[in-house]
Amino acid sequence: MAVESSSLSEKVAKKLVTGNLTKVGVENRIPDGIFNRIEDQNYIRSLFRNISREKESLVLIDCGNLNFYAKMIVTSFKDNSITIKTDVDIDVNILKNSKIKVSFIFKEEFINFESTLLEVINKEKFLIQKPETILSSLRRLLSRYKIKNDEIVELQISENGPFCSLLDISTKGLSFLSNEPIAENTVLSNINISFNHEVKVWVDGYVKYCIPTKNCNYLCGLSFLNASWEVFDKIFNYIYKQKYPKLKPLFNCDIEQIYNLFFDSGYLNLKPKEEMEDNFNKMANNLDKIKNRSQLSFNVAYLDNGKLFSTASLLRIYNRTFLGHQLAAIPEARMNLKTKTDIYLSLCDFLLNHPYCLYNLMYFDANSLWHNQMFKRISNYIDDKNNVLYDSIQLFEFEIKSFKNVKSKLTCKQLGDNKEFLEYCEKNIHNIEMNSYSYNDGFWLEEIKQVYELVGLFMDRKLWGIFYDEKIIAFIVTEVYFQGANLYDLLDMARIYIKDYKENAEDIIKAALPAIVPFYRRYNKEKFNVLIKIEDKAAYSINIQGLNYSHRMGRFFMSLRGLSTYKKILMLNV
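So, how was this worked out
Residues numbered from 1 in each chain as written. Predicted model: local features only at pLDDT ≥ 70, side-chain atom pairs only at ≥ 80, totals over all residues. Heavy atoms only, no water. Helix = DSSP H or I, 4+ residues; strand = E, 2+ residues; numbered from the N terminus. Buried < 20%, exposed > 50% of the residue type's maximum accessible area, 1.4 Å probe, protein only. Contact = heavy atoms within 4.5 Å. Areas by Shrake-Rupley, 256 points an atom, 1.4 Å probe, with all protein chains shown as cover. Salt bridge = Lys/Arg side-chain N within 4 Å of Asp/Glu carboxyl O. Polar contact = N/O pair within 3.5 Å; in protein donor to acceptor, adjacent residues only side chain to side chain. Pairing = 2+ DSSP bridges. Disulfide = S-S within 2.5 Å. Axes fitted to C-alpha atoms, helices over the stretch in contact; angles between N-to-C directions. Phe/Tyr/Trp six-rings, centres within 6.5 Å; stacked < 30°, edge-to-face > 60°. Lys NZ or Arg CZ within 6 Å of the ring centre and 35° of its normal. Parallel < 35°, antiparallel > 145°, perpendicular 65-115°, else oblique. Left-handed = near helix turned anticlockwise from the far one by under 90°. Nonpolar A, V, L, I, M, F, W, Y, C, P; charged D, E, K, R; others polar.

Caption draft 1: Broad picture of the overall build of the chain. A count of helices and strands for the chain gives 14 helices and 28 strands. Within the span of the chain, comprising 574 residues, buried residues form 55% of the whole. Considering only contacts within the chain whose residues lie at least 6 apart along the sequence, 70% involve residues at least 24 apart. Just so you have it, the chain exposes about 27400 Å², and 47% of that area is on carbon and sulfur atoms.

Next comes the structure, spelled out in structure tokens:
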């Protein structure tokens with residue numbers, strides 16, 4: 001593999017910062033998305049702590065009419081000053097009288113900030129004030145994996161053509177060195193990518209840019225066109241194994257070892273032992289059916305010297321949404337941050353790369369102080385309800401064997417048309433919740449149902465209306481999943497949305513049960529969950545035989561852009 005020269009690195013960085021090699025305004029230097037203003041001093045300290053580990057970073061300096069490239073050096077994250085080195089003479093008077101704007105890229109984060117001059121050391125070096133506020137944007141949703149010198153990863157543009165040096169790659173594109181210039185937007189077909197002479201893929205793509213280098217080569221960026229599932233799977237698995245050598249598929253581990261991990265983590269101590277052992281076996285048996293089907297699930301474990309420290313998993317539950325199960329870890333893992341951050345980062349990578357993922361959803365006990373504070377902090381930091389949403393909802397559990405029909409002034413009917421419900425959603429709930437739950441054109445979930453059926457599993461969804469005087473006053477979405485979709489069968493749920501009813505929620509639940517209980521009995525379920533947004537006081541006052549109040553459950557929704565920002569936060573702590 002060819003090693004990138006320092007001159008090439010500078011050219012690449014300049015291209016990424018400016019979008020071209022000419023002077024441009026700050027607004028045109030935003031490659032992807034908008035800037036977020038960050039004033040959180042803990043975050044800024046973490047950022048500069050990480051930057052201080054680098055010898056120097058290429059930056060663009062903008063002060064009035066003067067624009068030039070320079071090297072930024074953070075000698076210690078505790079210092080209040082930043083050293084700027086340049087290859088050009090500095091006009092001290094301009095620096096003293098202008099705001100100094102600094103732009104650069106660090107770990108896929110595009111950053112700029114304003115500063116003031118502290119001291120001019122000489123014509124090529126000066127000090128500026130470390131900022132208290134920065135503006136941040138993501139350069140791209142997917143980070144590129146940089147090919148290491150000891151890896152043999154090659155690219156062949158044409159069948160009989162020469163092999164080119166691959167510099168970096170993701171599941172959406174790559175960059176490489178070419179001996180000849182290639183015009184931008186040129187479509188290249190049947191490109192051969194070889195990984196260590198073992199794995200090969202063929203892709204089509206178009207050239208996004210072609211930049212001449214000092215070594216008479218050309219740096220080319222390529223975006224894939226309509227890459228197949230097989231291409232995604234092979235590229236992602238190669239990158240994943242290189243980035244996370246201590247992470248293995250969970251079900252490559254011994255089933256007894258997995259059970260002990262869940263037991264030691266405390267997950268199996270939350271309910272009676274016999275029930276949890278039965279739930280664990282059901283989960284293990286069914287997840288084993290899809291362990292190698294990454295279009296449906298992703299199960300990962302952290303192993304060190306053969307010892308299993310922690311695990312987490314993802315399950316595709318709707319057409320474009322994956323459910324994230326909370327990480328389980330043995331007590332020793334709490335002392336080793338890497339046993340958790342590697343797993344969280346790998347889950348982010350999987351979701352961000354996945355062609356069938358647009359949203360990630362997590363459930364947790366809102367009374368759990370640690371989870372509650374963590375998700376609230378992330379939500380407050382990102383502060384964009386279109387991409388990240390934290391909220392809570394009351395969770396009940398209903399035992400079907402306890403069901404007794406109760407008379408009600410309300411009636412419940414199954415709805416074959418979802419138009420009125422979708423109109424309600426558009427006016428009353430956030431877009432990210434609507435889309436995460438597939439409350440859109442894919443409402444009936446035919447796509448994910450078919451994928452499950454291919455491996456002998458099932459899920460179903462029905463829509464119901466609660467009527468009062470022939471008018472719908474509430475909607476219920478009932479869902480049922482294969483046994484062991486998770487430890488608590490939490491996904492067997494009836495979500496209630498009150499549209500127009502001034503009385504208590506108990507009336508609505510009583511009216512719903514005679515209609516929805518047969519739906520769950522049809523799938524041999526012994527219980528299901530009821531979710532409804534009401535106050536704690538109202539939840540405790542509901543008295544229906546067989547219905548037990550569990551707790552206030554937290555929900556955390558993330559779009560891909562929210563997930564990218566979440567990953568960025570994780571990376572600052574690595």
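Text resumes after the structure shown.
Caption draft 2: Looking closely at the pattern of salt bridges. Going through the model one piece at a time under the given rule, you end up with 25 salt bridges. Residue Arg320 is joined to Glu447 by a salt bridge in which the shortest nitrogen-to-oxygen separation is 2.6 Å. With Arg320 in the loop between β19 (307-318) and β20 (321-329) and Glu447 in helix α11 (residues 446-454), the pair connects residues that are 127 residues apart, well separated along the chain. Residue Asp391 pairs with Lys533 through a salt bridge whose shortest N-O separation is 3.2 Å. Of this pair, Asp391 sits in strand β22 (residues 388-399) while Lys533 sits in the loop between β27 (527-532) and α13 (536-541), and the two are 142 residues apart along the sequence. Judged by relative accessible area, Asp391 falls into the buried class, the value being 11%. Connected via shared salt-bridge partners are Asp391, Glu433, Lys533 and Arg555.

Caption draft 3: Here's a closer look at the side chain of Ser294. For Ser294, the location among the structural elements is in the loop between α6 (273-289) and β18 (297-304). According to the relative accessible area criterion, Ser294 is buried, its value standing at 13%. Only 2.8 Å separates the side chain of Ser294 from the side chain of Asp233, close enough to count as a polar contact. If sequence neighbours within four positions are ignored, Ser294 has contacts with Trp229, Asp233, Phe350 and His354.

Caption draft 4: Expanded view of unusual backbone geometry. The phi dihedral of Asn226 is positive, around 50°, even though this residue is not glycine. Within the element layout of this structure, Asn226 appears in the loop between β16 (218-225) and α4 (229-243). Classification of Asn226 as exposed rests on a relative accessible area of 80%. The phi dihedral of Asn524 falls on the positive side, at around 60°, and the residue is not glycine. The exposure class of Asn524 is exposed, given its relative accessible area of 67%.

Caption draft 5: Region of the structure containing the side chain of Gln156. Among the structural elements, Gln156 can be located in strand β11 (residues 153-156). If near-sequence neighbours (up to four positions away) are discounted, Gln156 is found in contact with Gly161, Pro162, Phe163, Asn190, Ile191 and Asn192.

Caption draft 6: View of the pairing of strand β8 (residues 125-129). Two elements, strand β4 (residues 81-85) and β8, share five bridges in a ladder whose sense is antiparallel. Paired with Ile84 across the bridge in β8 is Phe126. Sheet topology note: the strand β7 (residues 117-122)/β8 ladder contains four bridges and is antiparallel. From the neighbouring strand, Val120 faces β8, where its bridge partner is Phe126. Two successive antiparallel strands, β7 and β8, enclose a turn made up of two residues.

Caption draft 7: Quick peek at the state of the cysteines. In total, this model carries zero disulfides according to the counting rule given. Left without a disulfide partner, Cys210 is nearest to the cysteine sulfur of Cys220, which lies 3.6 Å away.

Caption draft 8: Structural view of the sheet that holds β19. The strand order β17-β18-β19-β20-β21-β28-β22-β27-β26-β25-β24-β23 describes an open sheet built from twelve strands, whose pairing is mixed. Edge strands, defined here as strands with exactly one partner in the open sheet, are β17 (247-249) and β23 (411-415). Across the sheet, the mean angle from the axis of one strand to that of its neighbour is 30°, orientation sign disregarded. Where β20 and strand β21 (residues 359-365) come together, three bridges link them in parallel fashion. Note that in β21 the partner of Thr321 across the bridge is Tyr359. Against the sheet, helix α5 (residues 255-265) contacts β19 and β20, and its axis sits at roughly 90° relative to β19.

Caption draft 9: Representation of the pairing of β4. Pairing between strand β3 (residues 66-73) and β4: three bridges, direction antiparallel. The partner of Met72 across the bridge, within β4, is Ile84.

Caption draft 10: Structural context of the environment of Thr186. Relative to the helices and strands, Thr186 is located in the loop between β13 (173-178) and β14 (187-195). Thr186 gets classed as partly exposed once you look at its relative accessible area, which sits at 27%. Along the backbone, Thr186 and Tyr206 are 20 residues apart, and their C-alpha atoms lie at a distance of 5.3 Å. Setting aside its immediate chain neighbours within four residues, Thr186 contacts Gly205, Tyr206 and Val207. Within polar-contact distance, the side chain of Thr186 engages the backbone oxygen of Ala183 at 2.6 Å.

Caption draft 11: Inspection of the packing of aromatic side chains at higher detail. By the definition in use, this model includes 41 aromatic pairs. Where Tyr452 meets Phe482, the ring centres are 5.5 Å apart and the plane angle is 80°; that geometry is what we call edge-to-face. Separated by 30 residues along the polypeptide, Tyr452 in helix α11 and Phe482 in the loop between β25 (471-481) and β26 (493-498) bring together distant segments of the chain. The pair Tyr452 / Phe482 is uniform in exposure class, with both members buried. Aromatic rings pair up to connect Tyr318, Phe421, Tyr424, Tyr437, Tyr439, Phe443, Trp444, Phe475, Tyr497 and Phe557 into one cluster. When the ring centre of Phe443 is taken as origin, the NZ or CZ atom of Arg461, which lies over that ring, is 4.8 Å away.

Caption draft 12: Main features of the packing of α4 against helix α7 (residues 338-353). With their axes 11 Å apart at the nearest point, α4 and α7 run at an angle of 160° to one another. As summarised for this structure, α4 and α7 are arranged roughly antiparallel, according to the angle between their axes. Viewed along their axes, α4 and α7 form a crossing whose handedness is right-handed. In contact with Phe232, Phe236, Tyr240 and Lys243 of α4, α7 contributes Ser346, Asp349, Phe350 and Asn353. Taken together, the residues of the contact of α4 with α7 break down into four nonpolar, two polar and two charged.

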